[in-house]
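Each chain, letter by letter, is given below.
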Amino acid sequence: MVVMGIDPGLANTGWGIVEERRGECRCRAYGCIHTAADTDLPARLRKIADELTGIVGRFHPQSAAIEGIYFGANVRSAIPTAHARGAALVALSFAGVEVGEYTPMQIKQAVVGTGAADKHQVTYMVRSLLHLDHDPKPDHAADALACAICHANLGRTEALSRGAYTQGKGDSRS
């Protein structure tokens, strides 16, 4: 299964493509879409949507995962992030890609084992889980890969649960 992860941001939208086979995740590609602050908002959003559409066309993910908005101490930064997130969701919707949404805490929990992990811990685990010989850069791309890993792992867990449920349903001993 090929999964796309997205870490939305107006200035920097990270993306990552992960392929999951037999419980192993491998990195296929990653990067970051940069938009200039001196460019008007509609053009920045169009660039995010257009580049993500091209990436989807190149890698054909079966599903995608996007990080939810974290307000934290700076609520004002949430609005531009929400715009970028919307552009990404529209691009994925037009491509017919199913999307899962995860909070930063859920992603950290799935990848590191604790929702309180810092950026260095997330990057280290992404590198380790994907068997990379380098840290994925920039941080936005590492976060997008972490989002994809989270989605792939949770999707595998759900599929296993459905299989166990289906098997148990037909079993008269249940």
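Above this note sits the structure.
Quick caveat: nothing in here was measured; it's all calculated off a predicted structure.

Turning our eyes to something else, we now look at unusual backbone geometry. Look at the link from lysine 137 to proline 138: it is a cis peptide, with omega at -5 degrees. The topology assignment puts proline 138 in the loop between helix 4 (119-129) and helix 5 (139-170). The backbone of histidine 60 sits at a positive phi, close to 50 degrees, despite the residue not being glycine. With respect to the element layout, histidine 60 can be found in the loop between helix 1 (41-59) and strand 4 (63-67). Exposure remark for histidine 60: the relative accessible area of 56% places this residue in the exposed category. In this model, histidine 131 sits at a positive phi of 55 degrees, which is unusual for a non-glycine residue. Here histidine 131 is to be found in the loop between helix 4 and helix 5.

All right, on to the nonpolar core then. Among the nonpolar cores identified, the biggest contains 23 residues, and Met4, Trp15, Leu52 and Ile55 are the most heavily contacted of them. Mapped by element, the contributors of at least two residues to this core are strand 1 (2-7), strand 2 (12-21), strand 3 (24-34), helix 1, strand 4 and helix 2 (78-94). Here the element with the most residues in this core is helix 1; it accounts for seven residues. The contacts of leucine 52, once residues within four sequence positions are left out, are Met4, Ile6, Trp15, Ile33, Ala88 and Ala91. In terms of nonpolar packing, the next biggest core, distinct from the first, is built from 19 residues, Val3, Tyr102, Leu130 and Cys147 among them.

A few words on the pairing of strand 3. Here ten bridges tie strand 2 to strand 3, and the two strands are oriented antiparallel to one another. The residue of strand 3 that forms the bridge with valine 18 is cysteine 27. Where strand 2 folds back onto strand 3 in an antiparallel hairpin, the turn is made up of two residues, including arginine 22, whose phi is positive at roughly 50 degrees.

Further remarks concern helix 1. Relative to the 27 Å expected for 19 residues at 1.5 Å per residue, helix 1 spans 27 Å between its end C-alpha atoms, a close match to the ideal helical length. Those residues of helix 1 lying buried are Ala43, Arg44, Leu45, Ile48, Ala49, Leu52, Ile55, Val56 and Phe59. Tucked into the core, helix 1 has its buried residues touching strand 1, strand 2, strand 3 and helix 2. At the C-terminal side of helix 1, histidine 60 shows a positive phi close to 50 degrees.

Taken as a whole and assessed by the stated rule, the structure comprises one aromatic pair. A centroid spacing of 6.4 Å and a plane angle of 40 degrees characterise the contact between tryptophan 15 and phenylalanine 59, whose relative ring orientation is tilted. Of this pair, tryptophan 15 sits in strand 2 while phenylalanine 59 sits in helix 1, and the two are 44 residues apart along the sequence. On the accessibility criterion, tryptophan 15 (9% relative accessible area) is buried.

This paragraph deals with helix 3 (residues 104-111). Considered for burial, the residues of helix 3 that qualify are Pro104, Ile107 and Val111. Taken around the axis of helix 3, the buried residues stretch over an arc of 65 degrees, which confines them to a single face. Phi for glycine 113, located one or two positions after helix 3, is positive at around 105 degrees.

Cut-off values and rules
Residues numbered from 1 in each chain as written. Predicted model: local features only at pLDDT ≥ 70, side-chain atom pairs only at ≥ 80, totals over all residues. Heavy atoms only, no water. Helix = DSSP H or I, 4+ residues; strand = E, 2+ residues; numbered from the N terminus. Buried < 20%, exposed > 50% of the residue type's maximum accessible area, 1.4 Å probe, protein only. Core = buried A, V, L, I, M, F, W, Y, C linked by side-chain atoms within 4.5 Å. Contact = heavy atoms within 4.5 Å. Pairing = 2+ DSSP bridges. Expected span 1.5 Å × (residues − 1). Phe/Tyr/Trp six-rings, centres within 6.5 Å; stacked < 30°, edge-to-face > 60°. Arc of directions from axis to C-beta.

The values are spatial; any link to function lies outside them.
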